[in-house]
Structures are given as C-alpha cells and as structure tokens.
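Residue-level structural notes
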Amino acid sequence: MPTTRSDLMFFASLLSRFIRALSLTHFGLGKRVLKYLKGTIDFGIWYYKGDGKLKGYVDSDWIGSIDDSNSITRYVFSLSSGVFTWNSKKQDVVVQSSAEVEHIVAAVASNQAIWIRKILAYLVCVQEESTVVWCDKKSTIFIAKNPIQHGRSKHINVKFHAIRDAKKNGNVQLMYYRSKEKIVDILTMTLPCAKFNVLRRKLGIFNKYFKEEC
C-alpha cells in the first residue's frame, strides 16, 4: 500500500520494524492504520496535465531513530501534480550534525533527480532547466555552492559531494524553503490531524470525487 499511498508510508515503516516482536501498543497502532485506510479507501494520487517541470523536496530527521541514533532520509518528486516517487528510510551512517544529514539526503535526492531526468528525456520530456530540489537547511546549500566549505565537511563520504557536480552541470539546483512549508514531514513523523490533511493534499492525494468538487 505505501507504494501507491505515500500518506501511509510512515506508519507502515514504523510497524515493520517491530514485526518480529509486536506488542499491544503496535496492535493498537495497526488498528488505527486500518481504521484510517477504511475511511480513505476512495483516496489516491491525482495526476493532471501541467507544465511538466520536475521538482523535488528533501528533508531529514536528525537522529530520528532513538534505538540506534540513525537519521531518517526523505524526499518526494512531482511533475506539476501529485508526487510519483518518494522515499523514507534510515541512513546507513551516524552523522554528527543536522547539516551533515541534510547534505546526505540532498545528495541522494540529486542522484534520483538525475536518473529521473534521463528517463524523462528517453520519453521525449526533456527538462530544459535545472531541476529544483527544495531544502530547508541553508548550510547544505552553502556547502554545495562553495568549494571552500569542503574543509569543514571533508569527513562526509566523498560520494555525497557529487551534488556539486550535479549543480555545476545544470542538472540540479538546491533552493531554500522554510521548515514550516515542507511537505515531506508526513513521511517520517506523527502529525496533528489538520496538518496531516494539508500535507496529504500537497502530495496530490485526494478522494475520487475531487474533480467533481472542483
């Protein structure tokens, strides 16, 4: 289900970590997920014709996993309408600052953007302009722009600095957006109902009567 309903990814991912040692707490959460699913059975991602521009949103939850101190990477990509690819997973390395973890997720998302651009070019939907990847950490953007910053971040795996080449080649452009505007929170944390509904709509998830309501 999380492969077609991104709003369920966080809960499915969280429950899967305890699949071999479930408790009554997990059972209760599972019932709530099924109750939510029953109430939104007519919901799905809405796609419509737009300008065809690829854009992405990235974020991270520093030390989001209290069990092993690993951070959580998350990104989504859309083409003018609902999201069509997303990811939310724990990182394989333990980082020492929020700037580092954000730099890693930006690099991962940049690689994904380059791959999608190649697929779109093959489908004769060439992205003439750089793909904008929205990030809420200005320090990450500075590191990507300024090679002098390398001395402060050289302990980060070299492959994550490939984001500089992606920017230099015009494939990806990192842009800043305020933390309260980020839509990827829905992938990795529990949210109040009102905010959850707002972010769900921003992902392009509506019920099947959405067109009639418009």
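For the structure itself, look to the data block above.
Residues numbered from 1 in each chain as written. Predicted model: local features only at pLDDT ≥ 70, side-chain atom pairs only at ≥ 80, totals over all residues. Heavy atoms only, no water.

1. What to know about the side chain of His26
Applicable threshold: Helical segments are the DSSP runs of H or I of at least four residues, strand segments are the runs of E of at least two, and each set is numbered from the N terminus. Contacts: residue pairs with any heavy atoms within 4.5 Å of one another.
Structurally, His26 is set in helix α2 (residues 24-39). Each residue touching His26, except ones within four places of it in the same chain, is listed here: Leu15, Phe18 and Ala21.

2. A few points about α2
Spelled out, the test is: Here, expected helix span is obtained from the residue count minus one, scaled by 1.5 Å. Type-normalised accessible area, obtained with a 1.4 Å probe on protein chains alone, sets the label of each residue: buried when under 20%, exposed when over 50%, and partly exposed for intermediate values. Note that the arc is defined by the directions from the helix axis to the C-beta atoms.
With 16 residues, α2 should cover 22 Å at 1.5 Å per step; its first-to-last C-alpha distance of 23 Å lies within 8% of that length. Buried residues of α2: His26, Gly30, Val33 and Leu37, and no others. For α2, the arc enclosing every buried residue in end-on projection is 60°, short of the 170-degree limit, so these residues lie on one face. What points out from α2, more than 90 degrees from its buried face, is the exposed set Leu24, Thr25, Lys31, Arg32, Lys35, Lys38 and Gly39. On its buried face, α2 is in contact with α1 (9-16).

3. Let's talk about the nonpolar core
Condition: The term nonpolar core refers to a set of buried residues drawn from Ala, Val, Leu, Ile, Met, Phe, Trp, Tyr and Cys, joined through side-chain atoms within 4.5 Å.
With 22 residues, the main nonpolar core has Val76, Trp86, Ile183, Val184, Ile186, Leu187 and Leu203 as its most contacted residues. The greatest single-element share of this core, amounting to four residues, is contributed by α1. Non-local contacts of Leu203, meaning those with residues more than four positions away in its chain, are made with Ser6, Ile45, Val76, Gly82, Val83, Ile183 and Ile186.

4. Points about helix α7 (residues 193-202)
Of all the residues in α7, the buried ones are Phe196, Leu199 and Arg200. Down the axis of α7, the buried side of the element spans an arc of 105°, and every buried residue falls inside it. In this structure, the buried residues of α7 make contact with α1, α2, β1 (43-45) and β7 (205-207). Note on α7: the residue one or two positions beyond its end, Gly204, has a positive phi of about 90°.

5. A word on the side chain of Arg200
Using the following cut-off: Charge assignment: positive for Lys and Arg, negative for Asp and Glu; neither His nor the chain ends contribute. Salt bridges are defined as contacts in which a side-chain nitrogen from Lys or Arg sits within 4 Å of a carboxyl oxygen from Asp or Glu. Polar contacts, as used here, are pairs of N or O atoms within 3.5 Å; protein pairs need one atom able to donate a hydrogen and one able to accept it. Residues neighboring in sequence count only if both atoms are side-chain atoms.
Assignment of secondary structure puts Arg200 in helix α7. As a buried residue without a salt bridge, Arg200 has its nearest oppositely charged side chain in Asp7, at a separation of 4.8 Å. In this structure the side chain of Arg200 is engaged in a polar contact, spanning 3.0 Å, whose partner is the side chain of Tyr36. The contact partners of Arg200, leaving out residues within four places of it in the chain, are Asp7, Tyr36, Thr40, Phe43, Ile186 and Ile205.

From the geometry alone we can't say anything about function, so treat these as descriptive.
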